[in-house]
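What follows is each chain in one-letter form.
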Amino acid sequence: MWDPATYLRFGDERSRPFFDLMARVGAAEPRAVVDLGCGPGNLTATLAARWPGARLRGVDSSAEMIEKARAERYPVDFEVGDLREWTPEADHDVVVSNAALQWVPGHEELLPRWVAALPAGAWLAVQVPGNFDAPSHVALRALTVEAGLGDLARDAPVLDPAGYADVLAGAGCAVDAWETTYLHRLPVVPGADHPVLTWMEGTALRPVRAALSPDGWAVFRDTLARRLASAYPARGNVVSFPFRRIFFVARTQGD
Ligand SMILES: C[S@@+](CC[C@H](N)C(=O)[O-])C[C@H]1O[C@@H](n2cnc3c(N)ncnc32)[C@H](O)[C@@H]1O
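Notes on the structure in this doc start here. (Residues numbered from 1 in each chain as written. Predicted model: local features only at pLDDT ≥ 70, side-chain atom pairs only at ≥ 80, totals over all residues.)

### Regarding the overall build of the protein chain
Step number 1: When you go through the protein chain residue by residue, the secondary structure sums to 10 helices and eight strands.
Step number 2: Its C-alpha radius of gyration of 19 Å places the protein chain within 12% of the 18 Å reference for a compact globule of 255 residues.
Step number 3: Burial statistics for the protein chain: of 255 residues in total, 38% are counted as buried.
Step number 4: Contacts in the protein chain between residues far apart in sequence, at least 24 positions, make up 75% of those at least 6 positions apart. (Helix = DSSP H or I, 4+ residues; strand = E, 2+ residues; numbered from the N terminus. Rg over C-alpha atoms; globule rule 2.2 N^0.38 Å. Buried ≥ 20, exposed ≤ 12 C-beta atoms within 10 Å, placed from the backbone. Contact = placed C-beta atoms within 7 Å.)

### Re the pairing of strand β3 (residues 77–80)
Residues in a regular strand project their side chains so that they alternate between the two faces of the sheet.
Step number 1: Examined bridge by bridge, strand β2 (residues 55–60) and β3 share four bridges and lie parallel to one another. Bridge assignment links V59 to a residue of β3, and that residue is E79.
Step number 2: Viewed along the sheet, the connection from β2 through helix α4 (residues 63–71) into β3 turns out right-handed. (Pairing = 2+ DSSP bridges. Right-handed = clockwise from strand over helix to strand, strands pointing away.)

### Here we look at the site of the ligand
Step number 1: Taken together, 20 residues sit near the ligand, with G37, G39, S61, S62 and A100 positioned nearest.
Step number 2: By residue class, the composition of the shell around the ligand is 10 nonpolar, six polar and four charged. (Near = placed C-beta within 6 Å. Nonpolar A, V, L, I, M, F, W, Y, C, P; charged D, E, K, R; others polar.)

### Focus: helix α10 (residues 214–231)
Three- or four-residue spacings in an α-helix give side chains the same orientation, since the helix completes a turn every 3.6 residues.
Step number 1: The terminal C-alpha atoms of α10 lie 25 Å apart, and with 18 residues this matches the ideal 26 Å at 1.5 Å per residue to within 8%.
Step number 2: Turning to α10, its buried residues are F220, L224 and L228. Take α10 and look down its axis: the buried residues cluster within an arc of 65°, on one side only. Those residues of α10 that are exposed and aimed more than 90 degrees away from the buried face are D215, A218, D222, R226 and S230.
Step number 3: In this structure, the buried residues of α10 make contact with α6 (135–146), α8 (195–201) and α9 (206–211). (Expected span 1.5 Å × (residues − 1). Arc of directions from axis to C-beta.)

### Quick look at unusual backbone geometry
Step number 1: Not every positive phi belongs to a glycine, and R73 is a case in point at roughly 60°.
Step number 2: Residue position: R73 is located in the loop between α4 and β3.
Step number 3: A positive phi angle, near 60°, is found at A99, a position not held by glycine.
Step number 4: As for its position among the elements, A99 is in the loop between β4 (92–98) and α5 (110–117).

### Things to note about the environment of V96
Step number 1: Relative to the elements of secondary structure, V96 occurs in strand β4.
Step number 2: Judged by local crowding, V96 falls into the buried class, with 25 C-beta atoms found within 10 Å.
Step number 3: A C-alpha to C-alpha distance of 9.4 Å links V96 and G58, two positions 38 residues apart in sequence.
Step number 4: Ignoring any residue separated from it by four or fewer positions in sequence, one finds V96 in contact with V33, D35 and A125.

### Observations regarding the environment of S230
Step number 1: Counting through the fold element by element, S230 comes out in helix α10.
Step number 2: Sequence separation between S230 and S97 is 133 residues; the distance between their C-alpha atoms is 33 Å.

### What to know about the packing of α6 against α10
Step number 1: The contact between α6 and α10 brings their axes to 10 Å, and the two run at 150°. Judged on the interaxial angle alone, α10 and α6 are roughly antiparallel. α10 is crossed by α6, and the crossing has right-handed handedness. When α6 is examined against α10, the residues P135, S136, A139, L140 and L143 are found in contact with a partner set consisting of F220, T223, L224, R227, L228 and A231. (Axes fitted to C-alpha atoms, helices over the stretch in contact; angles between N-to-C directions. Parallel < 35°, antiparallel > 145°, perpendicular 65-115°, else oblique. Left-handed = near helix turned anticlockwise from the far one by under 90°.)

### Observations concerning the environment of R141
Step number 1: Take R141: it is sitting in helix α6.
Step number 2: Note on R141: 18 C-beta atoms within 10 Å, which makes it partly exposed.
Step number 3: Along the sequence, R141 and D12 sit 129 residues apart, while their C-alpha atoms lie 27 Å from each other.

### Digging into the nonpolar core
Step number 1: Ranked by internal contacts, the top residues of the largest apolar core, which has 50 residues, are V33, V95, V115, L124, A125, L168 and F248.
Step number 2: Core analysis: the second largest hydrophobic core is formed by 15 residues, V196, M200, F220 and Y232 among them. (Core = buried A, V, L, I, M, F, W, Y, C linked by C-beta atoms within 7 Å.)

### With respect to helix α7 (residues 161–170)
Step number 1: Buried within α7 are the following residues: Y164, V167 and L168. Within α7, the buried residues cover an arc of 90° as seen down the axis, which keeps them to one side. Among the exposed residues of α7, those pointing more than 90 degrees away from its buried face are A162 and G170.
Step number 2: Turning to α7, the residues buried within the fold contact α5, β6 (174–187) and β8 (238–251).
Step number 3: Positive backbone phi, approximately 95°, marks G172, located one or two places after α7.

In structure tokens:
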């Protein structure tokens, strides 16, 4: 289960890649824009200012996220749905997916299917985390295996930029693919958890927490907190948290 409030912590750090991604989309007046894995919808809603004439739609498999998005009364149609079942429509000129496809194993097989169904000149813009070799995820994977939850220890579920570029170019698109490592400077709050633990609770730790008993989760969390404190020491009252992200913007042919 996703908790929108926990996810929305670090909102500034989490939203920056979305804006960096969208800055590379050149659509002038798209008819419809779809955000796949839209989460709480706050970023989807920003697209209304850029494209006031577009029909905006957000799709997410989490009922909690869609409930939060709808409650904000953004000018967007939100619906609960699995992006694996989504099919482009003839007026879908922009498709966005920010920080969602890493949760969908084998998503690279969806991409050529989407491209084939999108209209000519459509834009497909995707960002996924590329931090699965970072100390945070190495520690999480090791501890997950130690806790007997090896099935949840995900290897890197994303391609690198060149891998996505090959897939999209192979599907006939013009492709722009790149990576950026952001250096998040997370404040240490006295008496609070290590900030990288707090960050991970909003995303990567959810499946582990759901699989453990309350006591098992408490032990897991304490152990991970100690390992994170050693991997990401505080300097003064700040922890530096490098975070690699992978981007691609693909344009279908014919316009
Ligand atoms: C890290 S959040 C990103 C939310 C939003 N795009 C943002 O950038 O703030 C990942 C989202 O992907 C959604 N998600 C994961 N698997 C999905 C699937 N198969 N279909 C639709 N949404 C999915 C989750 O429910 C979650 O809201």
